[in-house]
Amino acid sequence: MMFWLLAAFAISACSITMSRSAMMIWYRRLMNKVGQWPGALAGCHYCTSHWLSAGVVAIYKPSVGGVFVADLVLAWLALVGMSALLSGTIMFFMPLKAQE
């Protein structure tokens with residue numbers, strides 16, 4: 001259980017940092033140069049959390065029910081959902097305007 005909480009908090013913090021903070025303007029500008037769609041994804045903390053969650057699941061390969069592919073998909077979507085709840089709570093209490 002501790003893994004899921006730590007992973008969700010880490011994904012939430014990273015996705016908000018990547019999509020909203022002044023520190024990562026260079027990344028969002030780069031994605032905007034790549035294209036409109038990648039630029040829009042880079043500015044969305046919910047979208048960013050999908051990719052970060054996929055990376056965490058790919059590295060840790062958690063076992064939930066015993067079927068490998070189903071475990072990966074379930075773990076991926078569970079982390080996205082948990083990090084979205086945390087990000088929504090953080091953004092509600094501390095709204096952070098996107099820098100660009």
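Report follows, based on the coordinates. (Residues numbered from 1 in each chain as written. Predicted model: local features only at pLDDT ≥ 70, side-chain atom pairs only at ≥ 80, totals over all residues. Heavy atoms only, no water.)

**Digging into a nonpolar patch on the surface**
- Together, Met1, Met2, Leu5, Leu6 and Phe9 give the surface a local cluster of nonpolar side chains, amounting to about 590 Å² of exposed area.
- As for its placement among the helices and strands, leucine 6 is situated in helix H1 (residues 2–20).
- Judged by its relative accessible area of 53%, leucine 6 falls in the exposed class. (Patch = residues over 30% accessible without salt bridge, like charges linked within 9 Å, V, L, I, M, F, W, Y side chains within 5 Å. Areas by Shrake-Rupley, 256 points an atom, 1.4 Å probe, with all protein chains shown as cover. Salt bridge = Lys/Arg side-chain N within 4 Å of Asp/Glu carboxyl O. Helix = DSSP H or I, 4+ residues; strand = E, 2+ residues; numbered from the N terminus. Buried < 20%, exposed > 50% of the residue type's maximum accessible area, 1.4 Å probe, protein only.)

**Observations regarding the packing of H1 against helix H5 (residues 68–93)**
- Packing of H1 against H5 leaves a shortest axis separation of 8 Å and a crossing angle of 60°. On the basis of the axis angle, H1 is oblique to H5. Taken as a pair, H1 and H5 cross one another with a handedness that is right-handed. Taking contact as the criterion, the partners of Trp4, Leu5, Ala7, Ala8, Phe9, Ile11, Ser12, Ser15, Ile16 and Arg20 in H1 are, on H5, Ala75, Leu79, Met82, Ser83, Leu86, Ser87, Ile90 and Met91. (Axes fitted to C-alpha atoms, helices over the stretch in contact; angles between N-to-C directions. Parallel < 35°, antiparallel > 145°, perpendicular 65-115°, else oblique. Left-handed = near helix turned anticlockwise from the far one by under 90°. Contact = heavy atoms within 4.5 Å.)

**A closer look at the nonpolar core**
- Of all hydrophobic cores here, the largest spans 7 residues; its members are Trp4, Ala7, Ile11, Val56, Val57, Ala75 and Leu79.
- Top contributing element to this core by residue count: H1, with 3 residues.
- Non-local contacts of valine 57, meaning those with residues more than four positions away in its chain, are made with Pro62, Leu72, Ala75, Trp76 and Leu79. (Core = buried A, V, L, I, M, F, W, Y, C linked by side-chain atoms within 4.5 Å.)

**Observations regarding the environment of serine 19**
- Mapped onto the secondary structure, serine 19 falls in helix H1.
- Distance in space between the C-alpha atoms of serine 19 and serine 49 is 9.8 Å, their sequence separation being 30 residues.

**A look at the side chain of histidine 45**
- Relative to the elements of secondary structure, histidine 45 occurs in helix H4 (residues 45–60).
- According to the relative accessible area criterion, histidine 45 is buried, its value standing at 18%.
- When neighbours within four sequence positions are excluded, histidine 45 is seen to be in contact with Ser15, Ile16, Ser19, Arg20, Ser87 and Met91.

**Remarks on the side chain of serine 19**
- Note on serine 19: relative accessible area 0%, which makes it buried.
- Within the structure, the side chain of serine 19 is placed 3.3 Å from the backbone nitrogen of histidine 45, a separation counted as a polar contact. (Polar contact = N/O pair within 3.5 Å; in protein donor to acceptor, adjacent residues only side chain to side chain.)

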